Amino acid sequence: MKSSNSRSDLLDGDAEYEEEAERHLEQLIDMPPSWVPKLRIPREVFDMRCPKGTKITAYDRCVYEIYAIFGECARWDGKVSKLTIFQDRERTKPLEVREVFARRKDRLRERRIFTNTDTTVESFNPGSAYGLKEVTTVAKKQRVAHFYESARLDGLLMRTEVFGVKMVEVFRDRDDRLVYRSATYDKVPPRPSTPPQASTGVKRVGRKKKHDDPQQPIRKMTEKYTVVTDGSVAPEECVRKRTFYCTDDQIRLDYHYGRDRITANCRIYSRDGQSQITQIDPLKAKPKDQVLLEEWQSLIVAEKECQNNVRDVEKECKAIVYLRARDEQDIKLEKPYYDIVRVKVEESDDEGA
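A.B. asks: What is the right way to read the overall build of the protein from this model?
C.D. replies: In terms of regular secondary structure, the protein is built from 4 helices and 16 strands. Residue burial in the protein is summarised as follows: out of 353 residues, 30% are buried. Taking all contacts inside the protein whose residues are at least 6 apart in sequence as the whole, residues at least 24 apart take part in 33%. Accessible surface, the protein as shown: approximately 25800 Å² in total, 52% of it carbon and sulfur.

Laid out in C-alpha cells, this is it:
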C-alpha cells in the first residue's frame, strides 16, 4: 500500500511541475510588441529592384549592371543584368560580356561575348525554335549548336559547322542506330564575271531576279552506326561506318569488330559495281555476287538519301540564322503575370469609382 501511494504522489508532482513550466514559458514568450513599423514595399518599387530601375556597380576589372524585371522601368529587350569583365584595372579593354535575359519569347536566357576571339555563346530555355539549347558562333569560322534531346524527333544532339569546310551531326537513340553524320565540302569555284553591257539609252524597269547561292559541292559523306544490341546480328556483320566518296566514285563499308578481334571486315564498291572485299575470318564463305549486287544498289540509293539529308540540314541552318536575326530585330517579351493582375485591379478600381 505504501509503495502504490508513493508512486501516485510522484506522478502528481511531475504533472504539477510540467504545468508550472508551461506557464513560465508562456510568460517568457509573451514579449512586448516591436516599436518598428511593419515594412511595406509597393509592388512597383519591388519590381524595379533598384532606384529608377537600373544600378551600375564598378568592381576591380569588372562592371555589374542590373535592370528592372517588370514594370515601366523594364528594358525593351528583356535584359535583367549585364556583367562586363575587363583586362585592365582602368576598365578600358573589355574581355567578356555576360548578359542575362528574362521573359523573351524566343526563349533566350543568356548571351556571352568574348571580344578577343570574336565568339558569341547564346543559351536558350526549353521551348525554343528548333529545340536550340546553346549556340556558339565564331565569326567567319564555325558554329556549334546544341539541342534539347526531348525537343527533336530526329534525336539530334549537336551540330558543328566549319564554314565552307565540314558539317558534323551527332545523334542519340535513333531507330536506325545512326549516331554520326558528316559532310566534307570542296571549295566553291569563283563565279565568272559577266562583262558590262553597252547602254542603249533606254532604261528597263522590271523586277530583279533572285539568284540563290550555289550549293557547295560535297567531297565526302560519312555515317556511323552503333552495333545491334539485341544480339540478332553478330557484331562483325553490323556496319560501323559508311563512307561515300563523291569525287572518287567509291563507297566504303567498315564493320564492327568481332569478339577478340583487332581488325574488322571491310568492303569497297566502285561506281560501276566492282567490289573489293576484306574478310577477317578465312573460314567463312564469301558473299555471292548476287548479294553484293543488291548491296551495291542499296548503297547507291543510300548515297542519294544521305546527300538529300545534308542539303536539308543546310536549309535548316540557314533558317535558324534567319530566325535568330529576325528575333533580334523584332524582340518580343512575354507579359508577366504580375502586370496582368495589376491591370485587372486598376480596371476594377476605375469601374468602382
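A.B. asks: What am I meant to see in the packing of aromatic side chains here?
C.D. replies: Aromatic ring pairs are described here by two measures, namely the spacing of the ring centres and the angle between the planes. Applying the stated rule across the entire model yields 0 aromatic pairs. Over the ring of Tyr67 we find Arg75, and its NZ or CZ is 4.9 Å from the ring centre. Between the NZ or CZ atom of Arg152 and the centre of the ring of Phe147, over which it lies, the distance is 4.9 Å.

A.B. asks: Please clarify how the environment of Ser150 should be interpreted in this entry.
C.D. replies: Along the chain, Ser150 falls in the loop between β8 (142–147) and β9 (156–162). Judged by relative accessible area, which is 77%, Ser150 ranks as exposed. Remark: the alpha-carbon pair of Ser150 and Pro126, spanning 24 residues in sequence, is separated by 9.4 Å.

A.B. asks: In this structure, what is going on with the pattern of salt bridges? I would like to understand it.
C.D. replies: Opposite charge on two side chains lets them pair, provided their charged atoms get close. Going through the model one piece at a time under the given rule, you end up with 32 salt bridges. A salt bridge links Glu295 to Arg267; the nearest nitrogen and oxygen atoms lie 2.7 Å apart. Highlighted residues: Glu295 in helix α3 (residues 289–329) and Arg267 in strand β15 (residues 266–270), separated in sequence by 28 residues. There is no split in this pair, since Glu295 and Arg267 are both buried. A salt bridge links Glu328 to Arg324; the shortest N-O distance between them is 2.8 Å. On the criterion of helical spacing, the pair formed by Glu328 and Arg324 is a turn pair, its members being 4 residues apart in helix α3. Given the relative accessible area of 27%, Glu328 is considered partly exposed. A network of salt bridges, in which partner residues are shared, links Lys79, Glu99, Arg104, Asp106, Arg111, Glu122, Arg324, Asp327 and Glu328.

A.B. asks: Teacher, can you tell me more about the side chain of Asn265 here?
C.D. replies: Summarising the element assignment, Asn265 is placed in the loop between β14 (250–255) and β15. Within the structure, the side chain of Asn265 is placed 3.4 Å from the backbone oxygen of Glu236, a separation counted as a polar contact. Setting aside residues no more than four positions away along its own chain, Asn265 makes contact with Glu236, Leu253, Asp254, Tyr255, Thr278, Gln279 and Ile280.

A.B. asks: Sorry if this is basic, but what is going on with a nonpolar patch on the surface here?
C.D. replies: A surface patch of nonpolar side chains, about 450 Å² in accessible area, is lined by Leu39, Ile41, Val45 and Phe46. On the basis of relative accessibility, which here comes to 52%, the residue Phe46 falls in the exposed class.

A.B. asks: What should I look at first to understand the state of the cysteines in this one?
C.D. replies: Disulfide: a covalent bond formed between the sulfur atoms of two cysteine residues. Evaluated as defined, the whole model comprises 0 disulfides. Left without a disulfide partner, Cys73 is nearest to the cysteine sulfur of Cys50, which lies 8.5 Å away. Judged by relative accessible area, Cys73 falls into the partly exposed class, the value being 33%.

What counts as what
- Residues numbered from 1 in each chain as written.
- Predicted model: local features only at pLDDT ≥ 70, side-chain atom pairs only at ≥ 80, totals over all residues.
- Heavy atoms only, no water.
- Helix = DSSP H or I, 4+ residues; strand = E, 2+ residues; numbered from the N terminus.
- Buried < 20%, exposed > 50% of the residue type's maximum accessible area, 1.4 Å probe, protein only.
- Contact = heavy atoms within 4.5 Å.
- Areas by Shrake-Rupley, 256 points an atom, 1.4 Å probe, with all protein chains shown as cover.
- Phe/Tyr/Trp six-rings, centres within 6.5 Å; stacked < 30°, edge-to-face > 60°.
- Lys NZ or Arg CZ within 6 Å of the ring centre and 35° of its normal.
- Salt bridge = Lys/Arg side-chain N within 4 Å of Asp/Glu carboxyl O.
- Polar contact = N/O pair within 3.5 Å; in protein donor to acceptor, adjacent residues only side chain to side chain.
- Patch = residues over 30% accessible without salt bridge, like charges linked within 9 Å, V, L, I, M, F, W, Y side chains within 5 Å.
- Disulfide = S-S within 2.5 Å.

These figures capture arrangement, not role.
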